[in-house]
Amino acid sequence: MTMKTQGILELEPSKRAKEITKKNSIFYVGNTKYNQAGTLFDTDSVKSGLEKIEISYRGNSVGDSKEVFADGNTENTQSKDKEQTLLKQVIIGKNVEYRFFQKAMNKLSIDLPILQAYNKEITNKREFYDKVLAPLELSFDKKQDFSDCEVKLDIAIYILSNYKELMSKKRKNYCVTDFEVKELTNVGARQVVRKGKFNSSNEMEFNKVSESPYDWLYYHKYSWDSELEKDFLDFIEQNKDKIDAKFAEWIIMRNEGFEEFKLYDNRMGDTYGNGFEPDFILFGKPKDNANLDYLSAEIILESKGDGFVLKDKWKEELILKELNNKVFNTYKSPTETANINIYALPFFISKSDENFKKEFNNFFGNN
């Protein structure tokens, strides 16, 4: 009987990896995510969310309010309007005065610190109204009337409720640093935790771990999460002559969950702070810089199954838009600098992925 468990997988550098690191330094790009005492808000997303608010028809009192949409559907009515309901754009400051928002803030317990989280330069509630709320141009039902005080208060409460919800969603209790390059210091053997089972001889047999048949992989063993990753490795093997034509020396590391290579999204938005661990990283020394004592190029490579392409689109955009073709400067020693070129290729989606092949050939040439 076998028992499923976890064990320590020993990873030894390959012969090629040892030869390269003996005479070369390796640098990699990365950044850091850390907790901060204060709270960071994605104010751009909050502003965008406020501008997209569509306010349904408000009657002479809150209880008379009904939902009216652009296609003419209504709630709380037994029949549909035959005439199609249209929306109109309304500037809030011209129709709902400050006093209604002041009362709404009191009802919703919105105090100055909540307003300053959006903009720390706001000094009072009136300034928040003047600079943030009054300029808003929002969509209302074309029949909406603004003459009733209760209606105005209802609208103010609705807008500020949306503001509180947006601020809650966009709250960040951490900060992400800019990208920078660092020297890879752990170039020797590593240990990683992998799932496996003990056989009848009480020896650990790891799941999805193989001896590497490729001399260009950094470690003598590698693991895989899917057949797609194995297809990627086969693609590299079939096209290694193109890489040889560009680089005097190169090596590919399968990222076995190494913390150094984790990338955090530092763009303000819904994915801010999300982590990303590329599957593979190619380190190389271009032939026109063959005299350098470090590998001056890093290429970020990621295989991605069809089912995850849309969900992880932000990862592809991060490496292609924020890191591809970027040059970072760092110090090899107190008196020596190094220029590190970072590149990225689009997701490898399948072995017949024409987009990846095209970009791969564009980068390495069609030799």
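Shown above is the structure to which this text applies.
Here's a quick rundown of the structure.

Rules behind the numbers
- Residues numbered from 1 in each chain as written.
- Predicted model: local features only at pLDDT ≥ 70, side-chain atom pairs only at ≥ 80, totals over all residues.
- Heavy atoms only, no water.
- Pairing = 2+ DSSP bridges.
- Helix = DSSP H or I, 4+ residues; strand = E, 2+ residues; numbered from the N terminus.
- Salt bridge = Lys/Arg side-chain N within 4 Å of Asp/Glu carboxyl O.
- Buried < 20%, exposed > 50% of the residue type's maximum accessible area, 1.4 Å probe, protein only.
- 1 Å grid on protein atoms, 1.4 Å probe; cavity = no way out; pocket = protein on both sides within 12 Å on 5 of 7 lines; lining within 4 Å.
- Points joined across faces, edges and corners; volume = space filled by probe spheres on them.
- Nonpolar A, V, L, I, M, F, W, Y, C, P; charged D, E, K, R; others polar.
- Contact = heavy atoms within 4.5 Å.

Spatially, the three strands line up as an open sheet ordered β8-β2-β17, and their pairing is mixed. Of all strands in the sheet, those with a lone pairing partner are β8 (180-183) and β17 (294-295), marking the two edges. Bridge count between strand β2 (residues 25-30) and β17: two bridges; the pairing is parallel. Within the sheet, the bridge partner assigned to Ile26 lies in β17 and is Leu295.

We now examine the pattern of salt bridges. Within this structure, the stated rule accounts for 23 salt bridges. The partner of Arg16 in a salt bridge is Asp215, and the shortest N-O contact between them spans 3.6 Å. Residue Arg16 is found in helix α1 (residues 15-23), and its partner Asp215 is found in the loop between β11 (209-211) and β12 (221-223); the two are separated by 199 residues along the sequence. A salt bridge links Glu127 to Lys131; its shortest N-O distance comes to 2.7 Å. Pair noted here: Glu127 and Lys131 are both in helix α5 (residues 125-133), with a separation of four residues, about one helical turn.

Two strands in a sheet stick together by hydrogen bonds in their backbones, pointing the same way (parallel) or opposite ways (antiparallel). The mixed open sheet is built from three strands, whose spatial order is β4-β6-β5. Edge positions in the sheet fall to β4 (54-55) and β5 (87-91), since each of these pairs with one other strand and no more. Looking at chain direction, β4 and strand β6 (residues 137-141) are connected through two bridges and run parallel. Across the sheet, Ile55 pairs through a bridge with Phe140, a residue of β6.

Now for the pairing of strand β16 (residues 280-286). Taken across its seven residues, β16 has seven buried, putting it largely inside the fold. Judged by which residues are buried, β16 turns out to be covered on both faces: Phe280, Leu282, Gly284 and Pro286 on one side and Ile281, Phe283 and Lys285 on the other are all buried. As judged from the seven bridges shared by strand β13 (residues 247-254) and β16, these two strands associate in the antiparallel manner. Residue pairing for β16: Ile252 is matched across the bridge by Leu282. In terms of strand pairing, β16 meets strand β18 (residues 297-301) through five bridges, oriented antiparallel.

Here we come to the layout of surface pockets. Roughly 590 Å³ of internal volume is contained in the largest pocket. Taken together, 29 residues form the lining of the largest pocket, with Trp224, Asp225, Glu229, Arg254 and Asp279 sitting closest to its centre. Counting residues per element, the ones that place at least two in the lining of the largest pocket are β9 (190-198), α7 (227-238) and β15 (275-276). When residues of the lining of the largest pocket are assigned to their parent elements, the largest contribution, three residues, is made by β9. Of the residues assigned to the lining of the largest pocket, the class counts are six nonpolar, nine polar and 14 charged. Empty space within the second largest pocket amounts to approximately 170 Å³. Considering the residues around the second largest pocket, the lining is formed by Lys47, Leu50, Glu51, Tyr118, Asn119, Ile122, Lys131, Val132, Pro135, Leu136 and Glu137. Taken together, the elements giving at least two residues each to the lining of the second largest pocket come down to α2 (43-51) and α5. Top contributing element to the lining of the second largest pocket by residue count: α2, with three residues.

Let us now look at the side chain of Asp312. Tracing the chain through its elements places Asp312 in the loop between β18 and α9 (313-323). For Asp312, a relative accessible area of 5% puts it in the buried group. The contact partners of Asp312, leaving out residues within four places of it in the chain, are Lys304 and Phe347.

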